Amino acid sequence: MAIELDKIGYAGIGLLAKMQDTIEDFIEGREKDEDEAEVLEDDQSKDWKERFEDLSELGEERYEEWLDKGKEEREKISDRIKERTNKVFSELGLVTKEDLEELEAKITKLQRAIKKATTQVKKTDK
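Computed from a predicted structure; not experimentally measured.

**Student:** Mind laying out the overall build of the protein, listing which residues take part and the relevant values?
**Tutor:** A tally of regular secondary structure across the protein gives 4 helices and 0 strands. Listing each helix as α and each strand as β along the protein from the N terminus yields α-α-α-α. In the protein, which comprises 126 residues, the proportion classed as buried is 11%. Long-range contacts, defined here as pairs at least 24 residues apart, represent 73% of the contacts in the protein between residues at least 6 apart. When the accessible surface of the protein is summed, it comes to about 11,300 Å², and 55% of that surface belongs to carbon and sulfur atoms.

**Student:** An account of the packing of helix H1 (residues 5-28) against helix H3 (residues 48-92) is needed here, citing residue identities and associated values.
**Tutor:** If you want to describe how two helices pack, look at the angle between their axes and the distance between the axes. Here H1 crosses H3 at 80°, and the two axes come no closer than 6 Å. Taken together, the axis directions place H1 and H3 in an arrangement best described as roughly perpendicular. For the pair H1 and H3, contact is made by Lys7, Ile8, Tyr10, Ala11, Ile13, Gly14, Leu15, Ala17, Lys18, Gln20 and Asp21 and by Phe52, Glu53, Leu55, Ser56, Leu58, Gly59, Glu60, Arg62, Tyr63 and Trp66, respectively. When its residues are assigned to classes, the contact of H1 with H3 shows 11 nonpolar, 4 polar and 6 charged.

**Student:** How would you explain a nonpolar patch on the surface if you had to name every residue and give the values?
**Tutor:** A surface patch of nonpolar side chains, about 780 Å² in accessible area, is lined by Leu15, Leu16, Met19, Ile23, Phe26, Ile27 and Trp66. Counting residues per element, the nonpolar patch draws most heavily on H1, at 6 residues. Following the sequence through the fold, Ile27 ends up in helix H1. The exposure class of Ile27 is exposed, given its relative accessible area of 65%.

What counts and what doesn't
- Residues numbered from 1 in each chain as written.
- Predicted model: local features only at pLDDT ≥ 70, side-chain atom pairs only at ≥ 80, totals over all residues.
- Heavy atoms only, no water.
- Helix = DSSP H or I, 4+ residues; strand = E, 2+ residues; numbered from the N terminus.
- Buried < 20%, exposed > 50% of the residue type's maximum accessible area, 1.4 Å probe, protein only.
- Contact = heavy atoms within 4.5 Å.
- Areas by Shrake-Rupley, 256 points an atom, 1.4 Å probe, with all protein chains shown as cover.
- Axes fitted to C-alpha atoms, helices over the stretch in contact; angles between N-to-C directions.
- Parallel < 35°, antiparallel > 145°, perpendicular 65-115°, else oblique.
- Nonpolar A, V, L, I, M, F, W, Y, C, P; charged D, E, K, R; others polar.
- Patch = residues over 30% accessible without salt bridge, like charges linked within 9 Å, V, L, I, M, F, W, Y side chains within 5 Å.
- Salt bridge = Lys/Arg side-chain N within 4 Å of Asp/Glu carboxyl O.

See below:
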């Protein structure tokens, strides 16, 4: 049976996730409850293939969680940078891209209104 490389990677991440959970439980002084003890007994009764599959599934879940968490953090940092940059630009009296886009939208709206008004005036003159 050939094992796929991505499953090996996920199993490694799953192993790291289990270690992380164990360390967090130890640091926070959490004891294993009856449900967790049963899960551990079930894990010990499984053969290596089933354990590998479980680790692989856990690893894939954690990987997705970590990716989502990283994406959220990057977005937060990006938002903070934009806020600070806009604040500095404002203090220096510089125009931001958002300011320009707002002005362009207003100009476009005014141009449409002028065109509509002149079209109506031409119709009434005829």
